[in-house]
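Chains, contacts and geometry: an overview
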Amino acid sequence: MTLTQPSPSLDALVGIPFTHERVLITTGIRSGLVITVAVHSTRLGQALGGARMWQYENWTDAVADALRLSAAMTLKNAAAGLNLGGGKSVIHLPLGTALTEAEKRDAMLDLGDAIESLDGAYMTAEDVGTNAELMAVVKERTDHVCGLPQSSGGVGEPAEATAAGVYASVVATLEALFGSREVQGRHIVISGLGQVGGRLATALAGSGARLTVSDVNLARRDLADSLGASWVSVDVVHLVPADLFVPCGLGGVLTARVIGELNVLGVVGAANNQLAQPEGATQLDARGILWAPDFVVNSGGVIYLALASEPGADPAVVAARVEAIGDTVSTIFTDAREQGITTLAAAEHLAAARLDAVRR
Ligand SMILES: NC(=O)c1ccc[n+]([C@@H]2O[C@H](COP(=O)([O-])OP(=O)(O)OC[C@H]3O[C@@H](n4cnc5c(N)ncnc54)[C@H](O)[C@@H]3O)[C@@H](O)[C@H]2O)c1
């Protein structure tokens with residue numbers, strides 16, 4: 001292949017140090033798609049992280065995403081108190097690709113073969129662009145997959161648990177800001193009303209919060225109307241004066257400009273990788289905006305997948321572990337305040353302490 005313009009180095013694309021245990025990059029024999037399975041760490045146990053099937057300009061962008069996301073999963077799983085390491089798989093779809101059902105099936109079988117070749121170092125689950133039904137296809141090639149449809153004996157999709165964890169984090173953030181866990185009457189702005197944001201909006205409306213919501217998908221306005229929420233366009237949603245801004249769409253939403261323009265006291269949401277740059281944590285701090293680190297807030301899904309998949313799992317115990325995310329968020333706020341560090345640094349310290357406690 002002839003490159004018409006210089007391609008950025010992988011190092012520049014990834015933007016974080018390479019500290020990964022194993023990375024498999026393979027072209028699927030059936031699908032012809034480039035599949036990356038990145039095992040960042042197995043120090044706490046088998047690496048768990050979802051399988052993303054998404055469009056990227058270059059396959060190297062997909063590799064970079066897998067490297068970043070797998071490192072983030074190590075932090076997330078450690079901070080969540082799980083005995084699991086961090087990993088992620090990414091299937092690169094060239095821009096403009098729309099797979100048929102048969103092609104998706106081929107991609108999942110290829111993914112299953114790639115995962116199987118890692119001898120149990122990594123367990124996959126659904127993520128952006130995949131779902132429980134596709135995980136059942138992966139299962140045809142490997143046992144190292146969770147979150148299968150409930151109709152085939154699996155634990156299903158984790159969005160409900162993720163939303164419950166975000167709700168607990170919202171309450172913890174309100175408590176830190178106002179000294180009260182009361183949701184009623186608080187003005188909360190939710191950007192992204194998908195699987196998680198939709199459930200969260202419904203729960204918060206049920207608790208009497210005043211909601212302003214937004215989504216790039218205008219069809220979601222029906223849900224907003226049914227909840228009595230105000231609707232604003234995505235371009236201005238971060239400008240709305242409110243108590244909390246709750247990002248539940250895609251990552252990278254907290255750019256320097258957005259942080260500079262926010263008109264809230266706290267940010268706490270489901271979206272992964274909310275900070276466009278790590279410096280965003282310092283900028284939020286300097287503006288006096290309390291940020292609940294995303295990888296802690298949205299860990300309900302992975303807690304559910306890990307614990308509900310165990311034989312004889314007790315749903316009440318799983319729910320209590322998800323609810324406890326709120327306590328972890330409170331601890332992070334306290335640590336950050338007492339040590340004069342950002343909430344991001346406090347959350348990273350929490351995860352690092354668990355990782356450091358495990359000697360090899
Ligand atoms: N589903 C889970 O269990 C889970 C677990 C952990 C993290 N997350 C993260 O939470 C976020 C939401 O996940 P989901 O499962 O609800 O996804 P989803 O695809 O069901 O919903 C995302 C919603 O955000 C909207 N959206 C996209 N771009 C937007 C933008 N720029 N502004 C406003 N809205 C936008 C989409 O139209 C969609 O309605 C993602 O970042 C995901 O990675 C989800």
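Definitions and cut-offs
- Residues numbered from 1 in each chain as written.
- Predicted model: local features only at pLDDT ≥ 70, side-chain atom pairs only at ≥ 80, totals over all residues.
- Helix = DSSP H or I, 4+ residues; strand = E, 2+ residues; numbered from the N terminus.
- Rg over C-alpha atoms; globule rule 2.2 N^0.38 Å.
- Buried ≥ 20, exposed ≤ 12 C-beta atoms within 10 Å, placed from the backbone.
- Contact = placed C-beta atoms within 7 Å.
- Near = placed C-beta within 6 Å.
- Axes fitted to C-alpha atoms, helices over the stretch in contact; angles between N-to-C directions.
- Parallel < 35°, antiparallel > 145°, perpendicular 65-115°, else oblique.
- Domains from an automatic or database assignment.
- Nonpolar A, V, L, I, M, F, W, Y, C, P; charged D, E, K, R; others polar.
- Core = buried A, V, L, I, M, F, W, Y, C linked by C-beta atoms within 7 Å.
- Pairing = 2+ DSSP bridges.
- UniProt positions renumbered as here; feature names shortened; annotations may be inferred.
- Expected span 1.5 Å × (residues − 1).
- Left-handed = near helix turned anticlockwise from the far one by under 90°.

**Re the overall build of the protein**
A count of helices and strands for the protein gives 14 helices and twelve strands. For 360 residues, the compact-globule estimate of 2.2 N^0.38 gives 21 Å, and the C-alpha radius of gyration of the protein, at 20 Å, lies within 12% of that figure. Overall, the protein is about 55 × 45 × 45 Å in size when its C-alpha atoms are taken along their principal axes. The proportion of buried residues among the 360 residues of the protein is 51%. Of the contacts formed within the protein by residues at least 6 apart in sequence, a portion of 65% connects residues at least 24 apart.

**Brief notes about the site of the ligand**
Neighbouring the ligand are 26 residues, the closest being Thr 162, Gly 192, Gly 194, Gly 249 and Gly 301. Elements that contribute at least two residues to the shell around the ligand include exactly α5 (159–178) and α6 (195–206). The element that contributes the greatest number of residues to the shell around the ligand is α6, accounting for three residues.

**A closer look at the packing of helix α2 (residues 59–79) against helix α14 (residues 343–357)**
Relative to each other, α2 and α14 sit at 80°, their axes nearing to 8 Å. Judged by the angle between their axes, α2 and α14 are roughly perpendicular. Contact with α2, carried on its side by Leu 75, Ala 78 and Ala 79, involves Ala 347, Glu 348, Leu 350, Ala 351, Arg 354 and Leu 355 of α14 and no other residues of that element.

**What to know about the domain arrangement of the protein**
Structurally, the protein comprises domain 1 (10–70 + 86–152) and domain 2 (159–357). With centres defined by C-alpha atoms, the gap from domain 1 to domain 2 works out at 26 Å. Split by residue class, the side of domain 1 that touches domain 2 holds four nonpolar, one polar and one charged.

**Things to note about the nonpolar core**
The biggest cluster of nonpolar side chains holds 117 residues, and the ones touching the most others in it are Ile 190 and Leu 244. There are two domains that each give this core at least three residues, and those are domain 1 (10–70 + 86–152) and domain 2 (159–357). With residues near it in sequence (within four places) discarded, Leu 244 still touches Val 170, Thr 173, Ile 188, Val 189, Val 264, Gly 266, Val 267 and Val 268.

**Focus on the sheet that holds strand β9 (residues 230–231)**
Across the sheet, six strands lie side by side as β9-β8-β7-β10-β11-β12; this open sheet has parallel pairing. Two strands in the sheet have a free side with no partner beyond their single neighbour: β9 and β12 (290–291). Taken together, the four bridges between strand β7 (residues 187–191) and strand β10 (residues 244–247) define a ladder with parallel strand orientation. The partner of Ile 190 across the bridge, within β10, is Val 246.

**Examining the UniProt feature "active site" (unreviewed entry) in the protein**
Sequence positions flagged by UniProt for "active site" (unreviewed entry) are, in local numbering, Lys 88. Along the chain, the position of Lys 88 falls in strand β5 (residues 85–94). Among residues more than four places away in sequence, those in contact with Lys 88 are Ala 38, Gly 49, Gly 50, Arg 52, Ala 66, Leu 69, Ser 70 and Met 73.

**As for the UniProt feature "binding site: NAD(+)" (unreviewed entry) in the protein**
Residues given the UniProt feature "binding site: NAD(+)" (unreviewed entry) here are Gly 192, Leu 193, Gly 194, Gln 195, Val 196 and Gly 197. Note that Gly 192 resides in the loop between β7 and α6. Each residue touching Gly 192, except ones within four places of it in the same chain, is listed here: Gly 197, Asp 215, Pro 247, Cys 248, Gly 249 and Ala 271. With respect to the helices, strands and loops of the structure, Gln 195 is situated in helix α6. With 18 C-beta atoms packed within 10 Å, Gln 195 lands in the partly exposed category.

**Some remarks on α6**
Taking 1.5 Å per residue as the helical rise, α6 with its twelve residues ought to reach 16 Å, and the 17 Å between its terminal C-alpha atoms agrees with that figure. In this structure, the buried residues of α6 make contact with α5, β7, β8 (210–214) and α7 (221–227). With its phi angle positive at about 90°, Gly 208 sits one or two positions after the end of α6.

**Points about the packing of α5 against α6**
Between α5 and α6, the shortest axis-to-axis distance is 8 Å and the interhelical angle comes to 50°. With respect to each other, α5 and α6 are oriented oblique. Pair α5 / α6 crosses with right-handed handedness. Facing Ala 159, Glu 160, Thr 162, Ala 163, Val 166 and Tyr 167 of α5, the residues of α6 in contact are Gln 195, Val 196, Arg 199, Leu 200 and Ala 203. Its residues placed into classes, the contact of α5 with α6 shows seven nonpolar, two polar and two charged.

**Here we look at the environment of Val 196**
Relative to the helices and strands, Val 196 is located in helix α6. Placed 100 residues apart in sequence, Val 196 and Gly 96 show a C-alpha to C-alpha distance of 26 Å. Leaving out residues up to four positions away in the same chain, Val 196 has contacts with Ala 159, Thr 162, Ala 163, Val 166, Cys 248 and Ala 270.

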